[in-house]
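Residue-level structural notes
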Amino acid sequence: MCTKETRPNKLRKQDCVSARRLKRLTKETRHNKLRKQDCVSARRLTMDLIGCSLLDPDLGLGTQIMNFSELPSTQEPNITIIEQPRQRGFRFRYSCEGPTHGGIQGESSERNRKTHPAIKVFNYIGPAKIVVQCVTTDEPPLLHVHSVVGKQCTNGICEVYINSNDMIASFPNLGILHVPRRSVAEILEERLVQGWRKENSEGSQLKELTEEEREHIHKAAQQRAKVIDLAVVRLMFTAYLPDNNGTFTLRLEPALSGPIYDSKAPNTCDLKIVRMDRMSGSAAGGEEMYLLCDKVQKDDIQVRFYEQDENGPLWEAFGKFGPADVHRQYAIVFKTPKYYNNSIKNPVSVLVQLRRRSDGETSDPKTFIYYPPKRDKERVHQKRKKPSQDEPAQNGRQESVNGRGFYWTYVPDFSRYEGRSQFPAHNADSLCETGAISAPLKRPLEHRSEEKTIFNEEEDTGSCCAWH
DNA sequence: CGGGAAGGTAG
DNA sequence: GCTACCTTCCC
């Protein structure tokens, strides 16, 4: 499997040779893991070049895969992430901004209890070198043009030595250096050339690239520069244990973090509702509403009204607006969607959030209260005559159901969920005839067909975006 | 540390 | 000309 054809460069040769040795000494599974990561992408020269040069975790450091023969094969040393980096809310910094802007926090970080990314080497106690690098979210991962910066970092890689009982390394000061777009191709090309040199200079012989090869690499770099995502990186943690000479050449299989999204990039930044010009409205919907927010992209943003319980979403509908209603990325003017039941007798508290279409990210919600729509006297009269399941016991302080004043003194009414008797039959399907929702609800709305629609259907005031 | 804002640039 | 994005500047 790991033949000459599939591993024409040095890195792979190295890994594969070790792997072959490992096969005899260690479990088959480990062997396969190595193979997959190191040999799979070796198809075309272009891919291969990129795969080699951009994956090679330490160009020029000449390392070999750990030989486990002297260790119990059931308990191999391994490096594991015990605290993942925060996925969002961290800003990649340009070099011109200086390095002192704080490191990336850990996933479980809190306001006054900050954590940081951390790894632990299991099944081994002793000196170890830990290297941290930025890689892409591609599979297999490639070295990213962005790099890590911080206290223990030099040349875009972070290096620490540990030798403790817990074998834990924590990284309190990792920053991500954002490379300017204009330099991406250049950096990539440089790296490819380095990779080429490394694999083509056996011994001390230095070969030069031919014009053709240079051109090829140039093209490959240009190509790659076009598609590389500058808004997301992963951290790759690699552990090196000392060999017989005491130098750290025995590489353990790297541990990869989850994705880290640049909080400054418009398509991955945090969503936030700053302010809304109204916190309540008619269950009939169709009312104009202004919402101020942190930066959004006008073609990729939704205002989602929804309800959910501990089991998941119950109802959702979308504010109605088009790209032109998004004002300079910071404000949205839209029409409220109607509530699924516009004959509610009591105010209903729902939630509103921003939602990014492209990745499904959402903001923290704000509460929004639907109040019973104003009705003509006749219908109110009719309704009074037949109180029923759609009039749950009031638990609020509302005195009146047909006035408007009560919603100022609103007390949420959750009793309506008890029997689940008010779900509209058509709700889930009508959510978005125009395709504003791409992802289905996590949990399908229940009682759809067996429930009666208990409100009068009026004209469908858009329950979703009218565009797209 | 963490954030906003300014100024430049590309579509 | 305008908008949104990118990069740099700065509190």
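Predicted model only: the values in this text are computed from it and were never measured. (Residues numbered from 1 in each chain as written. Chains lettered and ligands numbered in written order. Predicted model: local features only at pLDDT ≥ 70, side-chain atom pairs only at ≥ 80, totals over all residues. Heavy atoms only, no water.)

Some words on the overall build of chain A
Heads up, the rule is: Runs of E in the DSSP output that reach at least two residues are strands. Runs of H or I that reach at least four are helices, and both are numbered from the N terminus. Working definition: with a 1.4 Å probe on protein chains only, accessible area under 20% of the residue-type maximum means buried, over 50% means exposed, and in between means partly exposed. By definition, residues are in contact when any of their heavy atoms lie within 4.5 Å. Residue burial considers only the protein chains on display, and all accessible areas are found by Shrake-Rupley using a 1.4 Å probe.
The helix and strand inventory of chain A stands at seven helices and 23 strands. Residues counted as buried form 50% of the 468 residues belonging to chain A. For chain A, contacts bridging at least 24 residues in sequence account for 72% of all contacts bridging at least 6. A total accessible area of about 24,200 Å² is found for chain A, and carbon and sulfur atoms account for 49% of it.

What to know about the protein's contact with DNA strand B
Test applied: For this purpose, a residue is taken to be near a molecule or strand whenever a single non-hydrogen atom of the residue falls within 4 Å of it. Between N or O atoms, a polar contact is any pair within 3.5 Å; within protein, one atom must be a potential hydrogen donor and the other a potential acceptor, and residues adjacent in sequence are included only when both atoms are from side chains. We call Asp, Glu, Lys and Arg charged. Ala, Val, Leu, Ile, Met, Phe, Trp, Tyr, Cys and Pro are nonpolar, and the rest, Gly among them, are polar.
Every residue near DNA strand B is listed here: Arg91, Arg93, Thr100, His101, Gly102, Gln105, Lys114, Asn173 and Lys264. Backbone sugar and phosphate groups make up 19% of those atoms of DNA strand B lying within 4 Å of the protein. Between Arg91 and DNA strand B, the recorded distance is 2.6 Å, taken from a side-chain N or O atom to a base oxygen. One of the side-chain N or O atoms of His101 is found 2.8 Å from a base nitrogen in DNA strand B. Across the surface near DNA strand B, the residue classes break down as no nonpolar, five polar and four charged.

So, the packing of helix α4 (residues 184-200) against helix α5 (residues 211-227)
So the rule is basically this: For every element, the axis is a line fit to its C-alpha atoms; helices are fit only across the contacting stretch, and the angle between N-to-C directions ranges from 0 to 180 degrees. Oblique is the label for any angle not covered by the other classes, which are roughly parallel (under 35 degrees), roughly antiparallel (over 145) and roughly perpendicular (65 to 115). In this scheme the crossing of two helices becomes right-handed for a clockwise turn of the near helix relative to the far one and left-handed for an anticlockwise turn of less than a right angle.
At a minimum axis distance of 8 Å, the contact between α4 and α5 shows a crossing angle of 135 degrees. When the axis of α4 is compared with that of α5, the two are oblique. α4 and α5 meet at a crossing whose hand is right-handed. Of the residues in α5, those touching α4 at Val184, Ala185, Leu188, Glu189, Leu192, Val193, Trp196 and Arg197 are Glu213, Arg214, Ile217, His218, Ala220, Ala221, Gln222, Arg224 and Ala225.

A look at the protein's contact with DNA strand C
The full set close to DNA strand C counts 14 residues, and Tyr94, Glu97, Arg181, Gln297 and Gln329 are the nearest of them. For DNA strand C, the backbone portion of the atoms within 4 Å of the protein, that is sugar and phosphate, comes to 79%. The separation between a phosphate oxygen of DNA strand C and a polar side-chain atom of Gln329 is 2.5 Å. Of the residues contributing to the surface near DNA strand C, the split by class is four nonpolar, three polar and seven charged.

Focus on the pattern of salt bridges
Pairing between side chains becomes possible if they bear opposite charge and their charged atoms approach one another. Selection criterion: What counts as a salt bridge is simple: a side-chain nitrogen of Lys or Arg found within 4 Å of a carboxyl oxygen of Asp or Glu.
Under the counting rule described, the total for this entry stands at ten salt bridges. The salt bridge partner of Arg234 is Glu139, with a shortest N-O separation of 3.3 Å. Here Arg234, found in strand β11 (residues 232-242), pairs with Glu139, found in the loop between β5 (128-135) and β6 (147-149); they are 95 residues apart in sequence, far enough to count as distant. Under the relative-accessibility criterion, Glu139 is labelled exposed at 60%. For Asp359, the salt bridge is made with Arg356, and the minimal N-O distance between the two is 3.0 Å. By relative accessible area, which is 2% here, Arg356 ends up buried.

Thoughts on the pairing of strand β8 (residues 157-162)
Spelled out, the test is: Pairing between strands is defined by DSSP: at least two bridges between them are needed.
Taken together, the five bridges between β5 and β8 define a ladder with antiparallel strand orientation. By the bridge assignment for β8, Ile130 is matched with Val160. Sheet analysis places strand β7 (residues 153-154) next to β8, joined by two bridges and oriented antiparallel. For Cys153, the partnering residue across the bridge sits in β8 and is Cys158.

Notes on the side chain of Asp243
Selection rule: Counted as positive: Lys and Arg. Counted as negative: Asp and Glu. His and the chain ends are not counted at all.
Tracing the backbone shows Asp243 in the loop between β11 and β12 (248-251). It turns out Asp243 is buried and unbridged, and the closest side chain with the opposite charge, Lys129, is 11 Å from it. If near-sequence neighbours (up to four positions away) are discounted, Asp243 is found in contact with Thr249 and Leu250.

Things to note about the sheet that holds strand β22 (residues 348-356)
Each strand in a sheet pairs with its neighbour through backbone hydrogen bonds, running either in the same direction (parallel) or in the opposite one (antiparallel). Strand order in the open sheet formed by five strands is β16-β23-β22-β18-β19, with mixed pairing between adjacent strands. If you trace the sheet from one side to the other, it starts and ends with β16 (280-282) and β19 (312-318), each paired once. Direction aside, neighbouring strands of the sheet carry axes that sit 40 degrees apart on average. Bridging between strand β18 (residues 301-309) and β19 involves six bridges; their strand directions are antiparallel.

What about the state of the cysteines?
Operational definition: In what follows, a disulfide is any cysteine sulfur pair within 2.5 Å.
Following the criterion strictly, the structure yields zero disulfides and no others. Looking at the unpaired Cys269, the closest cysteine sulfur is the one in Cys293, lying at 9.6 Å. Under the relative-accessibility criterion, Cys269 is labelled buried at 9%. Look at Cys293 and you get buried, because its relative accessible area is 4%.

Notes on the sheet that holds strand β10 (residues 175-178)
Judged by pairing direction, the sheet is mixed, and its three strands sit side by side in the order β3-β10-β6 without closing on themselves. The strands lining the two open edges of the sheet, one partner per strand, are β3 (93-94) and β6. Here three bridges tie β6 to β10, and the two strands are oriented antiparallel to one another. What sits directly across from Val149, in β10, is Gly175.

Observations regarding unusual backbone geometry
Peptide bonds are mostly trans, and most non-glycine residues show a negative phi. Residue Pro140 follows Glu139 across a cis peptide bond; omega there is 0 degrees. For Gln329, which is not a glycine, the phi torsion comes out positive at approximately 70 degrees. Summarising the element assignment, Gln329 is placed in the loop between β20 (326-327) and β21 (331-335).

Quick word on the nonpolar core
Where we set the bar: Throughout, nonpolar core names a set of buried Ala, Val, Leu, Ile, Met, Phe, Trp, Tyr and Cys residues whose side chains join them through atoms within 4.5 Å.
Ranked by internal contacts, the top residues of the largest apolar core, which has 31 residues, are Ile119, Val121, Ile130, Phe171, Leu174, Leu235 and Phe237. When contributions to this core are tallied by element, the ones reaching two or more residues are β2 (78-83), β4 (118-122), β5, β8 and β11. The greatest single-element share of this core, amounting to five residues, is contributed by β11. Sequence-distant contacts of Leu235, that is, excluding residues within four places in its chain, are made with Pro85, Val132, Gln133, Cys134, Val148, Leu174, Ile176, Ala255, Leu256, Ser257 and Ile260.

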